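Listed below, chain by chain, are the residues.
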Amino acid sequence: MSDLLPFRTMAYNNAWANHRLLTACCLLTRAEFAATRTSFFPSIKATLNHILIVDWFYVECLERALAGQPPNTAPRNWDELFVTCAEILAAQHAVDRRLIALCQGLDDSQLDGQ
């Protein structure tokens, strides 16, 4: 058995969890989705945008590392990007597919890399 199985499994589980969360959030009205909440982030919309942005950052770092490139140090715009849950859902699915593809493309020898 490959040592990569846990990583591939976690990538698929991450995509499934994101899909379930975002599908449930898409049932909220636009007002409920953007409503002020008592939490670290001021709304569900802000929280889900943050999760997406962080996923973009980490997946890009992994992709660049596998390509032998240094991390991207360009400044990032951390403002909210998407207004609707449907927009976040589509973007999250895309980054989840990137992570799955990355994990599927790995071989055991790459586990010792940075």
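Residues numbered from 1 in each chain as written. Predicted model: local features only at pLDDT ≥ 70, side-chain atom pairs only at ≥ 80, totals over all residues. Heavy atoms only, no water.

Peer 1: Pulling in residues and values, what's your account of a nonpolar patch on the surface?
Peer 2: Taken together, F7, M10 and L111 make up a surface patch of nonpolar side chains, about 270 Å² in accessible area. Mapped onto the elements, M10 comes out in helix α1 (residues 5-25). (Patch = residues over 30% accessible without salt bridge, like charges linked within 9 Å, V, L, I, M, F, W, Y side chains within 5 Å. Areas by Shrake-Rupley, 256 points an atom, 1.4 Å probe, with all protein chains shown as cover. Salt bridge = Lys/Arg side-chain N within 4 Å of Asp/Glu carboxyl O. Helix = DSSP H or I, 4+ residues; strand = E, 2+ residues; numbered from the N terminus.)

Peer 1: Explain the nonpolar core to me, and be specific about the residues and the numbers.
Peer 2: By size, the foremost hydrophobic cluster in this structure holds 12 residues: L4, A11, A15, L52, V59, A91, V95, L99, I100, L102, C103 and L106. At the level of secondary structure, the elements contributing two or more residues to this core comprise α1, α3 (44-66) and α4 (85-105). Per-element accounting of this core gives the leading share, six residues, to α4. Setting aside anything within four residues of it in sequence, one finds A11 in contact with L99, I100 and C103. Ranked by size, the runner-up nonpolar core spans seven residues in total, among them L22, C85, I88 and L89. (Core = buried A, V, L, I, M, F, W, Y, C linked by side-chain atoms within 4.5 Å. Buried < 20%, exposed > 50% of the residue type's maximum accessible area, 1.4 Å probe, protein only. Contact = heavy atoms within 4.5 Å.)

Peer 1: So what's going on with the packing of aromatic side chains? Residues and values would help.
Peer 2: For the coordinates displayed, the defined rule picks out three aromatic pairs. An angle of 80 degrees between the planes, with centres 5.0 Å apart, marks the rings of F40 and F41 as edge-to-face. Residues W56 and F82 carry aromatic rings whose centres are separated by 6.3 Å and whose planes lie at 65 degrees to one another, so their mutual orientation is edge-to-face. Here W56, found in helix α3, pairs with F82, found in the loop between α3 and α4; they are 26 residues apart in sequence, far enough to count as distant. (Phe/Tyr/Trp six-rings, centres within 6.5 Å; stacked < 30°, edge-to-face > 60°.)

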